[in-house]
Amino acid sequence: MAKVDVPAVDPLMNPILLALKSLGGSGTIEEINNKASEIAGLSDEQIEVLHNPEKGGQTKVEYRLAWARTYLKNYGVIENSSRGVWALTAEGRKLDSVDSKKVRQFTQEQLKKAKIRSVKDEPDEANPDNALTVIKDVPDETEPDISWREELLDTLLKMEPSAFERLAQRLLRESGFTQVEVTGQSSDGGIDGKGIMRLGGLLSFHVIFQCKRYQGSVTASQVRDFRGAMVGRADKALLITTGNYTKDAMKEATRDGAPAIDLIDGNQLVDKLKELGLGVKTEKVEVEEITINHNWFMNI
């Protein structure tokens, strides 16, 4: 199979700026990634290349967009809230583009001023696989929280299938679902469980869910199969994976004329586990420290 080249970090900075402008000045990571990929003209093949094929989860595009956002934040043109929403700053709204070399240089100068203990020289930009500056001991404001995400995804992949289903059950309960049951029946059309989501104490929706604890991408055909199991059994359907979804799978999930399927990928899953404090402990001293409790996941 021919190698698929993915843009390095620098060429993705301006697509992020343009994406935020087209989204009205702010957006979630998912919205920004989708729009920036479209603006950059990335193909489905480029979007689906995994950053770490052995562990699955995050794609190379997502990984490099995260670094691009971090550089732009350091430069003062974008900012993010604790809810994961990114927005243009007053300075960012004035710009149509940035000089990526100046942005990178500014960040490196800031790191030197902060007396960072270990900075590895930047590899040759001609090699996109090594295009990132490796920075250690960098405060959370400067470095994307990528390492804990990969550690958590690796832990999830080591769980027994039944344990991962129980984790999904716990996550849904903590998120406001009631009567959550894990069915785990192979003959149940791919349905791993069901529950009831109550909205504002007034409305309720019967929801079925399916868990896919594996590496790689969920395809459009798998989304269609799950929809087939949903019809006549529930109002909503939720598909949860430690991996990601192909572009066609995301389109299929919201296809006109068909019941919508809600998709949770690996990044959204670990964010939710962190938010709910399920097996993830967050401490704030001078910087945020995140610890993964591996035993909690293995013994759920």
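It should be noted that the structure appears before, not after, this text.
Worth saying up front: this structure is predicted, and the values here are computed from it rather than measured. (Residues numbered from 1 in each chain as written. Predicted model: local features only at pLDDT ≥ 70, side-chain atom pairs only at ≥ 80, totals over all residues. Heavy atoms only, no water.)

1. Regarding the environment of Ile-47
Point 1. By secondary structure assignment, the location of Ile-47 is in helix H3 (residues 44-47).
Point 2. When near neighbours in sequence (up to four residues on either side) are disregarded, Ile-47 contacts Ser-37, Leu-42, Thr-59 and Val-61. (Helix = DSSP H or I, 4+ residues; strand = E, 2+ residues; numbered from the N terminus. Contact = heavy atoms within 4.5 Å.)

2. Focus on a nonpolar patch on the surface
Point 1. Where nonpolar side chains cluster on the molecular surface, the patch consists of Leu-199, Leu-202 and Leu-203 and spans about 350 Å² of accessible area.
Point 2. Mapped onto the elements, Leu-203 comes out in strand S8 (residues 203-212). (Patch = residues over 30% accessible without salt bridge, like charges linked within 9 Å, V, L, I, M, F, W, Y side chains within 5 Å. Areas by Shrake-Rupley, 256 points an atom, 1.4 Å probe, with all protein chains shown as cover. Salt bridge = Lys/Arg side-chain N within 4 Å of Asp/Glu carboxyl O.)

3. Quick notes on the side chain of Thr-241
Point 1. The topology assignment puts Thr-241 in strand S10 (residues 236-241).
Point 2. Contact partners of Thr-241, with chain neighbours within four places excluded, come to Lys-212, Tyr-214, Val-218, Ile-264, Asp-265, Gly-266 and Leu-269.

4. Remarks on the packing of helix H8 (residues 161-174) against helix H11 (residues 266-276)
Point 1. Across the interface, H8 lies against H11 with an axial gap of 11 Å and an inter-helix angle of 55°. Looking at the two axes, H8 sits oblique to H11. Two packed elements cross with a definite hand, and for H8 against H11 that hand is left-handed. Counted together, Phe-164, Leu-167, Leu-171 and Glu-174 of H8 and Leu-269, Lys-272, Leu-273 and Leu-276 of H11 form the full contact between these two elements.
Point 2. Classifying every residue of the contact of H8 with H11 by side-chain character gives 6 nonpolar, no polar and 2 charged. (Axes fitted to C-alpha atoms, helices over the stretch in contact; angles between N-to-C directions. Parallel < 35°, antiparallel > 145°, perpendicular 65-115°, else oblique. Left-handed = near helix turned anticlockwise from the far one by under 90°. Nonpolar A, V, L, I, M, F, W, Y, C, P; charged D, E, K, R; others polar.)

5. Re the sheet that holds strand S6 (residues 177-182)
Point 1. What the 5 strands build is an open sheet, ordered S6-S7-S8-S10-S12; its pairing is mixed. Strand pairing shows two members of the sheet lacking a second neighbour, S6 and strand S12 (261-264), which therefore form its edges. Averaged over neighbouring strand pairs, the angle between their axes works out to 25° when direction is ignored.
Point 2. Inspection of the sheet shows S8 paired to S10 by 6 bridges, in the parallel sense. In the strand pairing of S10, Val-207 is matched with Lys-236. (Pairing = 2+ DSSP bridges.)

6. Structural notes on the pattern of salt bridges
Point 1. One pass over the full model with this rule turns up 11 salt bridges.
Point 2. With its nearest N and O atoms 3.8 Å apart, the salt bridge here joins Lys-35 to Glu-38. A residue pair is termed a helical-turn pair when its members lie 3 or 4 positions apart in one helix, as Lys-35 and Glu-38 do in helix H2 (residues 29-39) at 3 residues.
Point 3. A relative accessible area of 24% means that Lys-35 is categorised as partly exposed.
Point 4. Judged by relative accessible area, Glu-38 falls into the exposed class, the value being 55%. (Buried < 20%, exposed > 50% of the residue type's maximum accessible area, 1.4 Å probe, protein only.)

7. As for the environment of Ala-36
Point 1. Relative to the elements of secondary structure, Ala-36 occurs in helix H2.
Point 2. Separated by 25 residues in sequence, Ala-36 and Val-61 have C-alpha atoms that sit 10.0 Å apart.
Point 3. Other than its neighbours up to four places away in sequence, Ala-36 contacts Pro-15, Ile-16, Ala-19 and Leu-65.

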